[in-house]
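# Structural characterization, general
Read off the chains here:
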Amino acid sequence: MPGKLLVIGELDEGFGGGKPREVRRRLTDHFWCDLLVAMAEVIESFSTAMNRIPEYVTTVIVQTRKAERRNPLLEALVGLAVQTAWAPIESMICTTGIEEVQRTCWILAVLICPAPEDHKAVQDGALLPLAKEGMLEVSRERLEQVFPADWVHRLREGLGGA
């Protein structure tokens, strides 16, 4: 909760002027769920880029050695050395796990959205990825406990029965 208060305080100070409540009201119109879905999408792009780092590093080393007329090394050898060096570095970067942060954004987007059944960005950018992970199956019972049955039924229909 302290993080939320900090963000709201910053928004009030920066954009609220004499009408901070008006700004807050506008921010409840799917802003926070859009923000979380966008974060999850960018995290996915970041994760994909992270997976390609060894390939990029290998290419840079091979090209640099060639451009500087140094003894060429077999690309496979460079690739193996890069993979070996990258593994501990990646584990340090991903201590908490990119996927966990992404999944958290998806779940928060669904929970914070005032009408996920009517919000295409949340359906496509959060609910469908959760369904593909199998998370929605586990969460169905919880959704049915928390949300009205007709809402869960409309949600399932909107996701093609996922």
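Note that the coordinates shown come from a computational prediction; the quantities given were computed from them, not determined experimentally. (Residues numbered from 1 in each chain as written. Predicted model: local features only at pLDDT ≥ 70, side-chain atom pairs only at ≥ 80, totals over all residues. Heavy atoms only, no water.)

## Considerations on the pattern of salt bridges
Applied cut-off: What counts as a salt bridge is simple: a side-chain nitrogen of Lys or Arg found within 4 Å of a carboxyl oxygen of Asp or Glu. Labels follow the DSSP assignment, with helices taken as runs of H or I lasting at least four residues and strands as runs of E lasting at least two, numbered in each case from the N terminus.
What the rule picks out here adds up to two salt bridges. A salt bridge links aspartate 124 to lysine 120, with the nearest nitrogen and oxygen atoms 2.7 Å apart. You can see aspartate 124 and its partner lysine 120 sitting in helix 6 (residues 120-133), four residues apart, about one turn around the helix.

## A short note on the side chain of glutamine 102
Heads up, the condition is: As used in this structure description, the phrase polar contact means that two N or O atoms lie within 3.5 Å; if the pair is within protein, one of them must be able to donate a hydrogen and the other to accept it, and residues adjacent in sequence are counted only when both atoms belong to side chains.
By the element assignment, glutamine 102 lies in helix 5 (residues 98-112). A polar side-chain atom of glutamine 102 sits 2.9 Å from the main-chain carbonyl oxygen of alanine 40.

## Concerning the packing of helix 3 (residues 31-67) against helix 5
We count it as follows: Every angle, taken between N-to-C directions, lies between 0 and 180 degrees, and every axis is a line fitted to C-alpha atoms, over only the stretch in contact when it is a helix. Under this scheme an angle from 65 to 115 degrees is roughly perpendicular, one under 35 degrees roughly parallel, and one over 145 degrees roughly antiparallel; angles in between are oblique. Take the far helix as your reference; a near helix turned counterclockwise from it by less than a right angle gives a left-handed crossing, and one turned clockwise gives a right-handed crossing. Should any heavy atoms of two residues lie within 4.5 Å, those residues are considered in contact. Amino acid classes used here: Ala, Val, Leu, Ile, Met, Phe, Trp, Tyr, Cys and Pro are nonpolar; Asp, Glu, Lys and Arg are charged; the rest, including Gly, are polar.
Orientation of helix 3 relative to helix 5, taken along the N-to-C sense of each, is 160°, at an axis distance of 8 Å. Considered as vectors, helix 3 and helix 5 are oriented roughly antiparallel to each other. You can see that helix 3 and helix 5 cross each other, and the crossing is left-handed. For the pair helix 3 and helix 5, the contacting residues are Trp32, Cys33, Leu36, Val37, Met39, Ala40, Ile43, Glu44, Phe46, Ser47 and Met50 in the first and Ile98, Glu99, Val101, Gln102, Cys105, Trp106, Leu108, Ala109 and Ile112 in the second. Its residues assigned to classes, the contact of helix 3 with helix 5 comprises 16 nonpolar, two polar and two charged.

## Structural notes on the packing of aromatic side chains
Our working definition: Only the six-membered ring of Trp is used, alongside the rings of Phe and Tyr, when aromatic pairs are assigned; centres must lie within 6.5 Å, and planes under 30 degrees apart are stacked while those over 60 apart are edge-to-face, with the rest tilted. Each residue is assigned to one of three classes by its accessible area relative to the maximum for its type, calculated with a 1.4 Å probe on protein chains only: buried under 20%, partly exposed between the two thresholds, exposed over 50%.
As enumerated under the stated definition, the model contains one aromatic pair in all. Between the aromatic rings of phenylalanine 31 and tryptophan 32, the centroid separation amounts to 4.8 Å while the plane-to-plane angle is 75°, which identifies the pairing as edge-to-face. Residue classification places tryptophan 32 among the partly exposed residues on the basis of a relative accessible area of 24%.

## Regarding the environment of aspartate 34
Among the secondary structure elements, aspartate 34 is positioned in helix 3. Through-space distance from the C-alpha of aspartate 34 to that of glycine 125 is 9.0 Å; in sequence the pair is 91 residues apart. Those residues in contact with aspartate 34 that sit more than four places away from it in its chain are His119 and Ala121.

## Side note on the packing of helix 5 against helix 6
In the contact formed by helix 5 and helix 6, the axes pass within 9 Å of each other and the chain directions differ by 125°. The angle between the axes of helix 5 and helix 6 places the two elements in the oblique class. Between helix 5 and helix 6 lies a crossing whose hand is left-handed. Contacts between helix 5 and helix 6 involve Arg103, Trp106, Ile107, Ala109 and Val110 from the former and Val122, Gly125, Ala126, Leu127, Pro129, Leu130 and Glu133 from the latter.

## Here's the deal with a nonpolar patch on the surface
Selection criterion: Each patch is built from salt-bridge-free residues with over 30% relative accessible area, joining like charges within 9 Å and nonpolar side chains (Val, Leu, Ile, Met, Phe, Trp, Tyr) within 5 Å. Per-residue and other accessible areas were derived by the Shrake-Rupley procedure at a 1.4 Å probe size, with only the shown protein chains allowed to occlude residues.
Nonpolar side chains collect at one region of the surface, where Phe46, Ile89 and Ile93 lie side by side and expose about 270 Å² of accessible area between them. For phenylalanine 46, the location among the structural elements is in helix 3.

## Quick notes on helix 6
Rules: The length a helix should cover is 1.5 Å for every residue beyond the first. In this analysis the local bend is the angle between axes fitted, respectively, to the seven residues ending at and the seven residues starting at the residue.
For helix 6, with 14 residues, the first-to-last C-alpha span of 19 Å sits near the 20 Å given by 1.5 Å per residue. Taking the largest bend as the criterion, helix 6 deviates by roughly 30°, centred on leucine 127, and proline proline 129 comes between one and four positions later. Of the residues one or two after helix 6, glycine 134 is the one with positive phi, at around 85°.

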